[in-house]
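Chain residues, written in single-letter form:
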Amino acid sequence: MAKPVMIIDLASDSVSGLLLDPTYDKAKKIFCSPTRAVTRVPLPFQPELNLDRFLNQVVTAMKTVLDALAREPHAHPARVACFLSAPFYASQTRLVRHSAEAPFRVTKDLLDDMVAGDLKEFISQHPQLYAEVLEDKHQVIESKTMQVKLNRYLTHTPYGKTASEVELHHYVSIGSKKILDRFHEVIRGSVHRAPIEFHSFPFALYSICRDHFRDREHRFIIDIGAEITEVLLLSDDILWESVSFPAGHNGFVRELTASLNTVPEEALSALRLYQEGSQNKLASSRVVEGLGRYQQVWIKYFRETLETLSAEHFIPKDILAIGDPLTTPILLDALKQEKYDEILLGGHSFSTTLLNASILAGQCGYQIGTATNQGEHLLVGSVFCDKLLNIKQDA
């Protein structure tokens, strides 16, 4: 039996993990690996954000997840892939150019030097991620070249060709070295020899949507987390922008808690009853008031993001969204009801699709029953890891 791949997902509201058994489907000629074990530990709701308390909760949840996976038979993984959601990373898609009066030969060293020089500039311009972490440094998580143009023409085989101008787009993500070292230390305490790699979750999500949702060339991908919403702009197979704003589904809970003068658990229960139509009129009116206030907060942030992006990009009408199944549909409904005449061309509102586990699994060719047990984040991690195996298989 081949050793499994361990996947750890660090979200802002939970820590999840699974063991993936690498399996090559000879008929489809791709890796489509089944899941052996899944575990998830929710993070406690924080009435007020505190970085030290939050990180301690994450580390405690990681240890619980790792202990649960370690109890599985033959659980020693060949490698560990850890996916980071906000606020554990910062990212940007960068445009780098190199030109000369006389034509020159394009080599791998040339492109590598272009990326390396731009990475240094990006890091020097970026403040450390957390002011509370003293004497911290940046650690590069990903640096992925997505597109290369020679003399402004797209090419997939630039090496060895002659040009007078090179233009490339590459995605870079960075994290806090001290915090990533802490996560690495926790994983290493349970997994003693396997290599450990970090990925930003938005890059994995972009990669999956690019490869498996090809009915639109231009679209937004939105990941609504506990405290932060991440907005990805995908066009012509490039992740052009990755923008975040500080509003997620926990803000909903805080607003409902205040509106109902109760505790977070009862506020969530009230929201479920409201959606089922099982509340009295007074309770329903208070829920509606709380929802309305927070919808406007979230929409305001989203509009500001659109206005910033529209200065340099065409704004697509289609949105793929991933997030908490209770609150995300409410935000998407509010988004569709708004008019965006000053931003959208050829239409006044957005078309939205909620990417639940069943939709993701069906589109990516995975068994829907198993995938729904994983949840959306772990499923994206599984598909992404299989994609890396496919690349190695074809190499």
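Preceding this paragraph is the structure being described.
The shown structure was predicted, so the numbers you read here are calculated from the model rather than taken from an experiment.

Trainee: What is the right way to look at the overall build of the chain in this model?
Mentor: The helix and strand inventory of the chain stands at 11 helices and 16 strands. C-alpha extents for the chain along the principal axes are approximately 75 × 60 × 50 Å. Relative to all contacts within the chain whose residues are 6 or more apart in sequence, the contacts with residues 24 or more apart total 70%. In the form shown here, the chain has an accessible surface area of approximately 19,200 Å², with 51% of it arising from carbon and sulfur atoms. Placing the 41 positive and 49 negative side-chain charges of the chain at their respective mean positions leaves the two points 5 Å apart.

Trainee: Before we go on, may I ask you to explain the packing of aromatic side chains in this structure?
Mentor: Applying the stated criterion to the full structure yields 14 aromatic pairs. A ring pair is formed by Phe 88 and Phe 183, whose centres lie 5.4 Å apart and whose planes are at 85°; its orientation type is edge-to-face. Residue Phe 88 is located in the loop between β6 (79-84) and β7 (90-105), and its partner Phe 183 is located in helix α3 (residues 177-190); the two are separated by 95 residues in the primary sequence. Comparing Phe 88 with Phe 183, the two get one shared label, buried. For the ring pair Phe 203 and Tyr 206, a centre distance of 5.5 Å and an interplane angle of 55° mean the geometry is tilted. Taken together, the residues Phe 203 and Tyr 206, both in helix α4 (residues 201-212) and three residues apart, mark about one turn of the helix. A relative accessible area of 0% means that Tyr 206 is categorised as buried. Feature note: the residues Phe 220, Phe 245, Trp 298, Tyr 301, Phe 302 and Phe 350 constitute an aromatic cluster, connected by ring pairs.

Trainee: Even after reading the chapter, I still don't get the nonpolar core, so can you show me in this structure?
Mentor: Side chains of a nonpolar character, in soluble globular proteins, are inclined to be buried together. Ranked by internal contacts, the top residues of the largest apolar core, which has 73 residues, are Ile 8, Leu 10, Val 15, Val 58, Leu 84, Phe 88 and Phe 183. For this core, the leading source of residues is helix α1 (residues 51-70), giving 10 residues. The residues touching Phe 88, leaving out its near neighbours within four places in the chain, are Leu 10, Ala 11, Phe 54, Leu 55, Val 58, Leu 129, Tyr 130, Ile 174, Gly 175 and Phe 183. Listed in part, the 34 residues of the second largest apolar core include Ala 270, Phe 302, Leu 306 and Ile 315.

Trainee: Where do I start with the environment of Ser 33 in this structure?
Mentor: Among the structural elements, Ser 33 can be located in the loop between β4 (30-31) and β5 (35-42). Separated by 353 residues in the primary sequence, Ser 33 and Asp 386 place their C-alpha atoms 6.9 Å from one another. Once you skip the residues sitting within four places of it in the chain, Ser 33 turns out to touch Leu 20, Asp 21, Pro 22, Thr 23, Tyr 366 and Asp 386. A polar contact is formed between the side chain of Ser 33 and the backbone nitrogen of Thr 23, at a distance of 3.0 Å. For Ser 33, the side chain forms a polar contact with the side chain of Asp 386, separated by 2.7 Å.

Trainee: What exactly am I supposed to notice about the side chain of Asn 250 here?
Mentor: Relative to the assigned elements, Asn 250 resides in helix α5 (residues 249-260). Using a relative accessible area of 10% as the deciding quantity, one classes Asn 250 as buried. A distance of 2.9 Å separates the side chain of Asn 250 from the side chain of Glu 227, its partner in a polar contact.

Trainee: Explain the environment of Arg 214 here, please?
Mentor: The residue Arg 214 is located in the loop between α4 and β12 (218-224) in this model. Between the C-alpha atoms of Arg 214 and Lys 28, which are 186 residues apart in sequence, the distance is 18 Å. Within polar-contact distance, the side chain of Arg 214 engages the backbone oxygen of Arg 210 at 2.6 Å.

Trainee: Just to check I follow, could you spell out the packing of α5 against helix α6 (residues 264-276) for this structure?
Mentor: When two helices pack together, their arrangement is given by the angle between their axes and by how far apart the axes lie. For the pair α5 and α6, the least separation of the axes is 9 Å and the interaxial angle reads 95°. The orientation of α5 relative to α6 falls into the category roughly perpendicular. Taken together, the residues of α6 that come into contact with α5 (itself represented by Val 253, Leu 256, Thr 257 and Leu 260) are Pro 264, Ala 267, Leu 268, Ala 270 and Leu 271. Residues that form the contact of α5 with α6 fall into these classes: eight nonpolar, one polar and no charged.

Trainee: Teacher, can you tell me more about the sheet that holds β5 here?
Mentor: Within a sheet, each strand pairs with its neighbour through backbone hydrogen bonds, oriented either parallel or antiparallel. Read across the open sheet, the five strands follow the order β5-β2-β1-β6-β11; overall the sheet is mixed. Looking at which strands have only one partner, the edges of the open sheet turn out to be β5 and β11 (196-200). Sheet twist, expressed as the mean angle between neighbouring strand axes with direction ignored, is 15°. Judged from the five bridges that link them, β6 and β11 form a sheet pairing that is parallel.

Trainee: What is the right way to look at unusual backbone geometry in this model?
Mentor: A negative phi angle characterises most non-glycine residues, just as the trans form characterises most peptide bonds. The omega angle of the peptide bond from Ala 86 to Pro 87 is 15°, so this bond is cis rather than trans. Looking at the element boundaries, Pro 87 is found in the loop between β6 and β7. Positive phi outside glycine occurs at Asp 236, with the angle close to 55°. Along the chain, the position of Asp 236 falls in the loop between β13 (229-235) and β14 (238-245).

Trainee: Whenever I open this one, the packing of α1 against α3 confuses me. Can you help?
Mentor: Relative to each other, α1 and α3 sit at 25°, their axes nearing to 9 Å. The orientation of α1 with respect to α3, classified from their angle, is roughly parallel. Seen from above, α1 lies across α3 with right-handed handedness. Residue-level inspection shows Leu 55, Val 58, Val 59, Met 62, Lys 63, Leu 66 and Ala 70 of α1 in contact with α3, the latter providing Ile 179, Arg 182, Phe 183, Val 186, Ile 187 and Ser 190.

Trainee: Explain the sheet that holds β13 here, please?
Mentor: If you walk across this open sheet you meet the five strands as β14-β13-β12-β15-β16, and the pairing is mixed. Of all strands in the sheet, those with a lone pairing partner are β14 and β16 (351-354), marking the two edges. On average, adjacent strands in this sheet sit at an angle of 20° to one another, irrespective of strand direction. In this structure, β13 lies alongside β14, joined through seven bridges in antiparallel fashion. Note that in β14 the partner of Leu 232 across the bridge is Ser 242.

About the criteria used
- Each chain carries its own residue numbering, running from 1 in the direction its sequence is written.
- The model is predicted, so local features are restricted to residues of pLDDT at least 70 and side-chain atom pairs to those at 80 or more, both for listing and for counting; the totals for chains, interfaces and linings are taken over all residues.
- Side-chain measures were taken over the full set of non-hydrogen atoms in the model, leaving aside hydrogen atoms and water.
- Going along the chain from the N terminus, every DSSP run of H or I of four or more residues is numbered as a helix, and every run of E of two or more is numbered as a strand.
- The criterion used for residue contact is that any of the two residues' heavy atoms lie within 4.5 Å.
- Per-residue accessibility takes into account occlusion by the displayed protein chains alone, with areas from the Shrake-Rupley method and a 1.4 Å probe.
- We treat Lys and Arg as the positive residues and Asp and Glu as the negative residues; His and chain ends play no part in the count.
- By convention, charge coordinates are those of NZ in Lys, CZ in Arg, CG in Asp, or CD in Glu.
- Between 30 and 60 degrees the pair is tilted, below 30 it is stacked and above 60 it is edge-to-face, where a pair is any two Phe, Tyr or Trp rings, Trp via its six-membered ring, whose centres lie within 6.5 Å.
- Here the term buried applies to any residue with accessible area under 20% of the maximum for its type, exposed to any over 50%, and partly exposed to those in between, with areas from a 1.4 Å probe on protein chains only.
- Residue types Ala, Val, Leu, Ile, Met, Phe, Trp, Tyr and Cys, when buried and joined through side-chain atoms within 4.5 Å, form a set referred to as a nonpolar core.
- Polar contact is defined as a pair of N or O atoms within 3.5 Å, subject to the rule that within protein one atom must be able to donate a hydrogen and the other to accept it, and that residues adjacent in sequence are counted only when both atoms are side-chain atoms.
- Structural elements are reduced to axes, namely lines fitted to C-alpha atoms, with helices fitted over the stretch in contact, and the angle between N-to-C directions of any two is expressed from 0 to 180 degrees.
- By the definition adopted for this analysis, an angle is roughly parallel if under 35 degrees, roughly antiparallel if over 145, roughly perpendicular if from 65 to 115, and oblique otherwise.
- Residues were grouped as follows: Ala, Val, Leu, Ile, Met, Phe, Trp, Tyr, Cys and Pro as nonpolar; Asp, Glu, Lys and Arg as charged; and all remaining residues, including Gly, as polar.
- In this scheme, strands are said to pair when DSSP sees at least two bridges between them.
- Handedness of a helix crossing follows the sense of rotation of the near helix relative to the far helix, less than a right angle counterclockwise being left-handed and clockwise being right-handed.

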